[in-house]
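What follows is the residue order along each chain.
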Amino acid sequence: MLQVIDLEKVYSTGTKALSSVSFAVDEPQVIAIIGPSGAGKSTLIRCINRLVAPTSGKVMLDSIDVASVSRRELRKVRRRMGMIFQEYNLVDRLTVMENLLSGRLGYVSFWRAYRRKFPPRDVAAAFKLLERVGLEGYQNTRADALSGGQRQRVGIARALMQAPDLLLVDEPTASLDPKTSRQIMRLLVELVNEQGTPALVNIHDVALAQSFSDKIIGLKEGAIVFQGTSKEITEDVLTEIYGEEDWSLTIRKVDEEDEDTGSKKGKKDNGYIQEAVAG
Amino acid sequence: MTSSEITTTADTPGWNRIRMIENPNVRYGLVVIALIYILWSAGTLEMNWTRLLNGIPRAVNMFSRMFPPDFGRWNLLVKGMLESIQMALAASLFGMLLAIPLGICGASNLVPKPVYLAARALIVLSRTFHEIIIAIFFVKIFGFGPLAGVLTLIVASTSFISKMIAEDIENMTPGQLEAIRATGASFPKLLIYCITPNTLPRFLGVSIYRLDANIRHSTVVGIVGAGGIGQVLAASFSRYDYDFSLAILITIVTLVFAGEFISSWVRNYLR
Amino acid sequence: MTVSEHAKKYPEIWRRFSPTETLLRYLGYLVTVGVAVWAVSFLDLPWFYFLDAHIQALDLFTRMWPPDFEFWETLMDPLIETIHIATLGTIFSFFIAFPIAFLSARNTTFNTATWFVGRFILVTSRSVNTVVWGLLFVAIFGPGPMAGIWAIAFRSIGFMGKLVAEAIEEIDEGVVEAIEATGASRLQVLLFGILPQVLPVIYGTAVYRWDINIRESTVLGFVGAGGIGILLYSSINQFQWQEVSLILLTVFGVVLISEFVSAAVRQRIS
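Residues numbered from 1 in each chain as written. Chains lettered and ligands numbered in written order. Predicted model: local features only at pLDDT ≥ 70, side-chain atom pairs only at ≥ 80, totals over all residues.

Draft legend 1. Region of the structure containing the overall build of chain B. For chain B, the helix and strand inventory stands at 10 helices and zero strands. For chain B, the succession of helices and strands along the chain, N to C, is α-α-α-α-α-α-α-α-α-α. In terms of overall dimensions, chain B is more spread out than a globule: its C-alpha atoms have a radius of gyration of 27 Å, far above the 18 Å expected for 271 residues. Reported as C-alpha extents along the three principal axes, the dimensions of chain B are approximately 80 × 70 × 35 Å. A burial count over chain B gives 45% of its 271 residues as buried. Considering only contacts in chain B between residues 6 or more positions apart, those separated by 24 or more positions represent 73%. (Helix = DSSP H or I, 4+ residues; strand = E, 2+ residues; numbered from the N terminus. Rg over C-alpha atoms; globule rule 2.2 N^0.38 Å. Buried ≥ 20, exposed ≤ 12 C-beta atoms within 10 Å, placed from the backbone. Contact = placed C-beta atoms within 7 Å.)

Draft legend 2. Structural detail: the pairing of strand E4 (residues 56-61) of chain A. Residue and element names in this part refer to chain A. Residues Gly 57, Val 59 and Leu 61 of E4 are buried on one face, while the alternating residues Ser 56, Lys 58 and Met 60, pointing to the opposite face, are not. As paired elements, strand E1 (residues 2-10) and E4 share five bridges and run antiparallel to each other. Following the sheet pairing, Glu 8 is matched in E4 by Ser 56. Pairing between E4 and strand E5 (residues 64-65): two bridges, direction antiparallel. The residue bridging Leu 61 from the neighbouring strand is Ile 64, located in E5. In this structure, the hairpin formed by E4 and E5 is closed by a connection of two residues, where Asp 62 is found at a positive phi of approximately 55°. (Pairing = 2+ DSSP bridges.)

Draft legend 3. Local environment of the interface of chain C and chain B. In this assembly, 42 residues from chain C lie in contact with 40 residues from chain B. Contributions of two or more residues to the side of chain C that touches chain B are made by helix H2 (19-42), helix H3 (53-64), helix H4 (72-103), helix H5 (112-127), helix H6 (130-141), helix H7 (145-169), helix H9 (186-220) and helix H11 (241-269) of chain C. With six residues, H6 of chain C is the single largest residue contributor to the side of chain C that touches chain B. Class assignment for the residues of the side of chain C that touches chain B results in 33 nonpolar, six polar and three charged. (Nonpolar A, V, L, I, M, F, W, Y, C, P; charged D, E, K, R; others polar.)

Draft legend 4. Molecular detail of the sheet that holds E5 of chain A. All names here are of chain A. Within the open sheet, the four strands sit side by side as E2-E1-E4-E5. Their pairing is antiparallel. The open sheet has two edge strands, strand E2 (16-25) and E5, and neither has a second partner. Lying over the sheet, helix H1 (residues 41-48) contacts E1, E2 and E4, oriented at roughly 60° with respect to E2. (Axes fitted to C-alpha atoms, helices over the stretch in contact; angles between N-to-C directions.)

Draft legend 5. Fine view of the confidence of the model for chain C. All names here are of chain C. Mean pLDDT over chain C works out to 85, with 96% of the residues at or above the 70 mark. Of all helices and strands in chain C, the one with the weakest mean pLDDT is helix H1 (residues 3-9) (70), whereas H7 scores best (91). Across the assembled chains, the prediction reports ipTM 0.80 with pTM 0.81. (pLDDT = per-residue confidence, 0-100.)

Draft legend 6. Region of the structure containing the sheet that holds strand E10 (residues 223-229) of chain A. Residues and elements named next belong to chain A. Taking strand neighbours across the sheet as the criterion, the six strands line up as E6-E7-E8-E3-E9-E10 in an open arrangement whose pairing is mixed. The sheet is open, and its two borders are formed by strand E6 (81-84) and E10, each paired with just one other strand. For this sheet, the mean angle separating the axes of adjacent strands, direction not counted, is 20°.

Draft legend 7. Region of interest: the interface of chain C and chain A. Counting residues at the interface gives six residues for chain C, matched by 10 residues for chain A. A breakdown of the residues in the side of chain C that touches chain A according to their chemical character gives four nonpolar, no polar and two charged.

In structure tokens:
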């Protein structure tokens, strides 16, 4: 359903951020994008919903080319893509509930947004999602009163409020501690499987990427140098992407895999919610 | 570590204090220049002790005529005061309303470049000229009276508040804007859901401050005939009614004092 | 889960403010609108003036263009006088505002009475506009730049005094404590503990006020206190609009330069 064809981005300073990037996303799966800083991961993710305008190439969501539609059409297309950010990007002064409902902004009229009078279905869905991400009861808390992990969960819930066809996730765990990082990634994977929504995730932690994703894309200096499953990540691959280094500690060992990828298709991990509320 | 191993940063014994201007030549040079300037300019302005001394008896004379302050014509005083307050209120209100679009257009992260430049140019232009000059122009166009004064204060308020709004918006974390844009929200919804919650408290605070400042400025525009208590004051001075002038001055000071008090209380409440 | 339990757990309505809060907010809006209407209506503004305002304004601008550059020679002296008035006034008030600021800060004043006196002086100085001070001093010293300098000085005391007093109150008390612990006298605590912390603010405020004073000095002439204002006033009254536009352009230029200088110096200080 998402096809990226020959995407290129050259910034006005002359830096070439992306060159001839092409890949496709069909089924509900988690695709991790890894690569060193400056490789173009952020740019790539932002080109897909045109927060950054690509210089050339196509981004086909079903049959619509996101890179070239009008502004009105662009807004409609953006509704179908939910985005989750590294710095959470919640509106700090608003409550958690208002932040959740902001996911529906593409669907409601200006007056509903102004008076915060969203359709009843949306409000009920917001409460459901709040419970699902483990933040039940937090609806009236101001967003800047939450911890990092809690904020990211609100961010995830906000993206899901759009009932999107695709999730774009930009380094969701970069600002979180290791335990919270794993909780968040687990939540993401569970939700992807439950809702059947594919997710493109930028990650810089290779081990995390291997644990939680089905497919991995390796980016280096704006070009794809690797596309494959997490098992195919070897030390040579990492050297090619990142450069010479002792990679033995970074790559997940085969026998450690089962521990974190417990929530495979169909299996819901109810124990998670207690964990999430405690964290 | 023995003392011989401790490295010293100075080659000579003793120490030097850190000064704001390191180079001693520049420092003393500035002081010398300042002294020369004072003497030269005072000379060109014909400031000499005789004028100063002549002023003293006149000052004494004036002060004796000021005391005690004459509150007898208090209905004129009250009328002028009310007019000033109303001018300040009306100007603040319209200033707030006009400042919102101007401030939004003056934020480089919200609007396209030409719009931004035009708005900023307008803001700079309106802040350059002293309000008396603007008041005179409005008096020429609209005649004497509070209308010219209100318009002048509106110009002053709008430029002040819009500059604050524009700076506030530009200082916002850009991520929030990105996130709301990514949901497919249109520009008005972006304004109401992202910009407003972030800038509203400061906007209200600045507007309340401006209300208080407008009371002060209304005294000034009155001098050129644009209404308010300033007009009453100028008239009293020209008629040498110094005791009435003192009464007016006392009223102005009290009004401003009270206004500042209320405004800082309200601003703290809003925080 | 029954239907009613479901409805309770996932409500379909959510409001940010409780009914009482909403009522209070609407009441607040109503009061504000009421006050605004009162203010505007009582002023008895002749709204019909606005109908041809744009025509009048356009007419005025066409008369002001092009600026009368011949007028430049007459301009020069008053312009320099304006700058002198601003600079001397700022320097003069600097030496007065400085001690008064120390009187007006709770942590450096002697007792509540002196604090009150200090604050009172600052508020009085701030409440009266430069031009009004100008009126006063013209009555004392007669017309001319001397009145202007005193006017600038008296107004600047309040401005600089307030900012410096706030800076003094916000210093790091730990530094003061440390110096007091060495057994230093009050004056030494002032010099070594407080002064170094507020010196950048003092210089910065002085330069900031100088920049504002340039603008203020340009209009002091309207009340006879010297500077280019006299020329401006007379040109306006004689309807010599092209001279007026030259004066305004010059004022614009001088203000721009002074703002630039002030911003650069304040940048270097901080």
